[in-house]
Amino acid sequence: MHQSMRRVKASMDEITPLSSTNTSNKENTMSPLETSPSSSPQEYEVYQEELHVTYAPNHNTFLYNYFPIEYVEKLYPSNLPPSIQLLRIENIAVPTCYLCVGLLQGLSGPFINVYPQFLGASEAQQTSISAIRSLPASFKLVFGFFSDNVPFMGYRRKSYMFIGWAMSSLSMLFLLSFSNLERVRNVANDDEVSGVHIAFSPAEDAPSIPFLTLSLLIFGTGFWFADVMGDSIVAEKAKLEPEESRGQLQSTCYACRFFGLMVAAPISTVLYSKVGPQIIVTLMALLPMMMLLPIYYLYEVKHADIKSTREQCSEIWTTVCSRAVWQPMGFVYVYNVLQIGNAAWREFLLSVLMFKDWQLNTLFVIANVLLYLGVMAYKYYFIKYSWRSIYIGTTLLNGVLSLMQILLIQGITFGLSPFVFALGDDIFADFIAGVQFLPTTIMMVHLCPSGSEGASYAMFTTVNNCALGMASAISTVLLGIWDVSKETMVSGDVSGMTKLTILTTCLQTAGLFFVKMLPKTKEDLAVLHADQYSGSKIGGFVFLGVTVLSVMYAMIVNLLNIVSPGWAGES
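The model shown is predicted, which means the values in this text are computed figures rather than measured ones.

Undergrad: Summarise the pattern of salt bridges; cite the residues concerned and give the values.
TA: A side chain with one charge may pair with a side chain of the opposite charge, provided their charged atoms come close. For the coordinates displayed, the defined rule picks out seven salt bridges. Ionic pairing is found between Arg 157 and Asp 148, a salt bridge with its closest N-O pair at 2.7 Å. Judged by its relative accessible area of 0%, Arg 157 falls in the buried class. Residues Arg 257 and Asp 227 are paired through a salt bridge, measuring 3.6 Å at the closest nitrogen-oxygen approach. Of this pair, Arg 257 sits in helix H9 (residues 248-274) while Asp 227 sits in helix H8 (residues 209-238); the two residues are 30 residues apart in sequence, bridging distant segments of the chain. Among the residues examined, Asp 227 registers a relative accessible area of 2% and is labelled buried. Within this structure, Asp 148, Arg 156, Arg 157 and Glu 236 form a network of salt bridges that share partners.

In structure tokens form, the structure reads like this:
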């Protein structure tokens, strides 16, 4: 079992360049990439080759001249190739991209949940706005395939990441420039106790619902475009990781993402309440803009050889026909489809247990914290366990926590308040989700064929996300089996709620019946991938068919929410 990369430390004698004649001259060890973001591919290849041979990457960093060697070693581990040392100036755009994604998700979530309603949007319009924000995610496969095949200004990732974040920033700047997001404060003397009642209303020139929707559509398109580029770069770099540290690159990047989400969500809630929506939109405009400088320094080989579209399609087809792809991805799809939640749970908390908005927000904030801690727990501890063990353990634990909801429904809380009991139940479910998240993404990266990382990784994540979307749709259908309406639950009849909770818990746990489809470890996946007799055209057809149908389903649902609000029964 390997140790965390932070615990690895080599002595200076072990990492001294073998070919260097004057290692004390720090000026001569500066990387050309530290001084010029536009180094030629030939220079970079020589630089990379030299570093791999001499094993002295931390000598070629800017901080080496100013920080003690032991700190430089921790920031730039000498046991890792320079191309995957994320804090180097030519790589820093990668973790900051993931951090920015998390920060923007955290900032935009509470804003989009509240502000349209503040403007007077109906429930159907709110559904449309949520659909507009999610619609570009359905095109991740298109974004990835396009970047694989059509370089812009000589780059496949760098230019498009720049364009994506620029689009997101400009869309929010237009929203700020052409509408008034300030809240008008109204004071009325209608409270005999305090004497005043303070309320807010939109300004006269507040954004219209169509203009807000268009701004969020452009924002979401740029956001997901840049996100796909970040995933593609990580998929390429992950293949360069030493065997003993496989998975650390992705776990670090996703830790940045969930850290951003954890920090930004409560900040967004507080800022919206205390200051107003304008500060949130301002931050949503500034954060993507701040990404442009790191992207400028991001190294990518310019005018790299690109396979023809036909060759890439053929390679992707060969990949999906491999049992190493369709078998584990089949498990991922089936398992996620079975993660069907109780769609009436939120209504139960609001109507029966009388939870307040601040209590629901508290659950949301703490859940994000536990999600981040789950990711970190996998990164530093559970990463050494087999994938099957992770899924078996977390699924069983999740089943126990889900059944505890029945105790809360029946009013059995062992002396605890319903809020505290729900807090322990809900947030630990998010910790489990955090632990489960990384094994899947690590597996996906190692399935990507070289040169087609953008399209293939986007395809795998699309399958994963569409399965979760299908589970959400099924959860809505299950509401019709038993009476779990607001009126019935408020009257004291929670039998339907109890039965629905038992059913969804059994369905979630049923994913364990398919766990043998999942390889135990990365090594088992590699063996399966290397087996020349493991291919199956039938498996490839089924996999692609499910992928295409899932994407079409997501697109149709989103488009229906946009062009025909209320088709699913919303008011």
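Undergrad: With reference to specific residues and values, describe the environment of Ala 137.
TA: Looking at where Ala 137 falls in the secondary structure, it is placed in the loop between helix H5 (123-134) and helix H6 (140-149). On the basis of relative accessibility, which here comes to 22%, the residue Ala 137 falls in the partly exposed class. Note: C-alpha distance between Ala 137 and Thr 462 (325 residues apart in sequence) is 8.3 Å.

Undergrad: Outline the side chain of Glu 90, supporting the account with residue identities and numerical values.
TA: Considering the arrangement of structural elements, one finds Glu 90 in the loop between helix H3 (69-75) and helix H4 (93-118). By relative accessible area, Glu 90 is classed as buried at 1%. Within the structure, Glu 90 has its side chain in polar contact with the side chain of Arg 88 (distance 2.9 Å).

Undergrad: Summarise unusual backbone geometry; cite the residues concerned and give the values.
TA: The residue Met 153 is not glycine, and still its phi comes out positive at about 60 degrees. Mapped onto the elements of the fold, Met 153 is located in the loop between H6 and helix H7 (158-177). Owing to a relative accessible area of 58%, Met 153 belongs among the exposed residues under this scheme. Not every positive phi belongs to a glycine, and His 303 is a case in point at roughly 55 degrees. Note on placement: His 303 falls in the loop between helix H11 (292-297) and helix H12 (309-321). Residue classification places His 303 among the exposed positions, given a relative accessible area of 59%.

The rules behind the values
Residues numbered from 1 in each chain as written. Predicted model: local features only at pLDDT ≥ 70, side-chain atom pairs only at ≥ 80, totals over all residues. Heavy atoms only, no water. Salt bridge = Lys/Arg side-chain N within 4 Å of Asp/Glu carboxyl O. Buried < 20%, exposed > 50% of the residue type's maximum accessible area, 1.4 Å probe, protein only. Helix = DSSP H or I, 4+ residues; strand = E, 2+ residues; numbered from the N terminus. Polar contact = N/O pair within 3.5 Å; in protein donor to acceptor, adjacent residues only side chain to side chain.

The values are spatial; any link to function lies outside them.
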